[in-house]
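Structural features, examined
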Amino acid sequence: MRSRVWWPTTAVVLGLLVAGCGDGDKDAGSKDGKDKDAVAGAAVSAGGFPVSVTDCMGARTTFAAAPKKIVTSNAAALELLLRLGAGDKVIGTGFPPGKGTLPAELDARAQQVKVLGKTVIAKEKLLGSGADLYIDTFASMGGMGGGMGDAPTEAEFKAAGIKHVFLKSTACAANRKSPVTDLSAVQDDITSLGAVTGTSGEAKELVAGMKRTVDGVTSAIGSTPQNARPTYFFFDYDAGTKQPSVVCNRQVAHAVITLAGARNAFGDCDGDFKQVGWEDVIAKNPNWIQLGVRDRGGEAANKAAFDEAEKWLKDNPATKGLKAVKEGHFVRIGSERTTIAGVSNADTVRDIAKTIYPGKVG
């Protein structure tokens, strides 16, 4: 049974921006009924401080200036900061990226970041890191395999002089009230990070690039009727094969699959991830299967991992009769760029569409 080591089944990401002043303490979300999205847009376009972010429950953290020393909970948050040009402010990370697992232009800088924890950062180490900001992609540290005890309380973060914010598009996924069918929450995270770190211009460019990529795909396949779009199963091979873990309609992968012109085989499942039985997968009998393996840090190692996952499906009595398996309809795209919120989600939309709609998507 493989364990999930790169990301949690439930995570928390940066909230919507709201304009306002404050001392940086967390407080209750706005109760006056005003449109926070509208206020957020004003704050971002102004490009100044103070700016605030909210977590999944609406608690707010305000920044009078950009942070100078940042710790990230995992490689996903680290990658976003590197892409924004704020990587020089990162003094440490948990769940570090393996060598070669990030795009080449980011990998060398990522490897220079101090590793504070190979999994969850120990509470004492985090509080004593000297950071003034901790970017948290975890809803909780429980179940993350760190064996590090409890997470710091908000009072402990405050006493250490560390502002604690979350990334929302994956973090709050399980709490969504409806399916996620686009990448707007991911783009909001990037915008929020840009505002907090003083890199709003870079954030705007990243978001615009994502939109161009996705718009190109949807334009190419937009006329395909829903009932003609292939069903699609994300096979999370590294999460274990005894009982498959599937992506449900609140997870960012559902949006990626939908935008690529496919129908998530488990799109009727409310939540982010769920364990099912192989009989459930057989009942869905998908047209395509994505071989969801983690990046091994090199082309040869990745190919071997994809080959292993494909062989398992072909050899297993329960899956070898699936339509996708018999027809060889496998998509070889890594797990991280599909299920972890980030700029590469848009590239994954394009790459899936190019595979399942050959000749239509450039």
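See the structure printed just above.
Residues numbered from 1 in each chain as written. Predicted model: local features only at pLDDT ≥ 70, side-chain atom pairs only at ≥ 80, totals over all residues. Heavy atoms only, no water.

Contact geometry for helix α2 (residues 75-84) and helix α3 (residues 104-111): axes closest at 10 Å, N-to-C directions at 115 degrees. Between α2 and α3, the interaxial angle falls into the category roughly perpendicular. For α2 against α3, the interelement crossing comes out right-handed. Here Leu78, Glu79, Leu82 and Arg83 of α2 lie close against α3, whose contacting residues are Leu106, Arg109 and Ala110. (Axes fitted to C-alpha atoms, helices over the stretch in contact; angles between N-to-C directions. Helix = DSSP H or I, 4+ residues; strand = E, 2+ residues; numbered from the N terminus. Parallel < 35°, antiparallel > 145°, perpendicular 65-115°, else oblique. Left-handed = near helix turned anticlockwise from the far one by under 90°. Contact = heavy atoms within 4.5 Å.)

Of the two faces of strand β2 (residues 51-54), the one lined by Val51 and Val53 and the one lined by Ser52 and Thr54 are each fully buried. Inspection of the sheet shows β2 paired to strand β3 (residues 60-63) by 4 bridges, in the antiparallel sense. Across the sheet, valine 51 pairs through a bridge with phenylalanine 63, a residue of β3. Hairpin remark: β2 followed by β3, antiparallel, with 5 residues in the connecting loop; positive phi at glycine 58, about 95 degrees. (Buried < 20%, exposed > 50% of the residue type's maximum accessible area, 1.4 Å probe, protein only. Pairing = 2+ DSSP bridges.)

Tallying each qualifying case throughout the model produces 8 aromatic pairs. Considering the side-chain rings of phenylalanine 235 and tyrosine 237, the 5.7 Å spacing of their centres and the 65 degrees angle between planes classify their relative orientation as edge-to-face. Given the relative accessible area of 3%, tyrosine 237 is considered buried. Summarising the aromatic geometry, the rings of phenylalanine 235 and tryptophan 278 are spaced 5.8 Å apart at their centres and angled 65 degrees between planes, so their arrangement reads as edge-to-face. Linking phenylalanine 235 in strand β9 (residues 231-236) with tryptophan 278 in helix α10 (residues 278-284), this pair joins segments that are 43 residues apart in sequence. Accessibility expressed as a relative area gives 1% for phenylalanine 235, which makes it buried. Through a chain of ring-to-ring contacts, the aromatic side chains of Phe233, Phe235, Tyr237, Phe266, Trp278 and Trp312 assemble into a single cluster. Lying over the aromatic face of phenylalanine 63, lysine 163 brings its terminal NZ or CZ to 4.7 Å of the ring centre. The ring of phenylalanine 266 has lysine 284 sitting right over it, with the charged end atom 5.3 Å from the ring centre. (Phe/Tyr/Trp six-rings, centres within 6.5 Å; stacked < 30°, edge-to-face > 60°. Lys NZ or Arg CZ within 6 Å of the ring centre and 35° of its normal.)

Ranked by size, the top nonpolar core spans 58 residues in total, and within it Ile135, Leu183, Ile190 and Ile352 carry the most contacts. Not counting residues up to four positions away in its chain, the partners in contact with isoleucine 352 are Tyr232, Val256, Ala260, Gln290, Val331 and Ile333. Counting residues in each nonpolar core, the second largest holds 23 residues, with Val246, Cys248, Val276 and Val325 among its members. (Core = buried A, V, L, I, M, F, W, Y, C linked by side-chain atoms within 4.5 Å.)

Our focus in this paragraph is the state of the cysteines. One pass over the structure, following the stated rule, counts 2 disulfides. Bridging cysteine 56 to cysteine 172, the disulfide has an S-S length of 1.5 Å. Between cysteine 56 and cysteine 172 the sulfur-sulfur dihedral comes to about -85 degrees; the bridge is accordingly left-handed. Of this pair, cysteine 56 sits in the loop between β2 and β3 while cysteine 172 sits in the loop between α6 (168-171) and α7 (184-197), placing them 116 residues apart in sequence. For cysteine 56, a relative accessible area of 29% puts it in the partly exposed group. Bridging cysteine 248 to cysteine 269, the disulfide has an S-S length of 1.9 Å. (Disulfide = S-S within 2.5 Å.)

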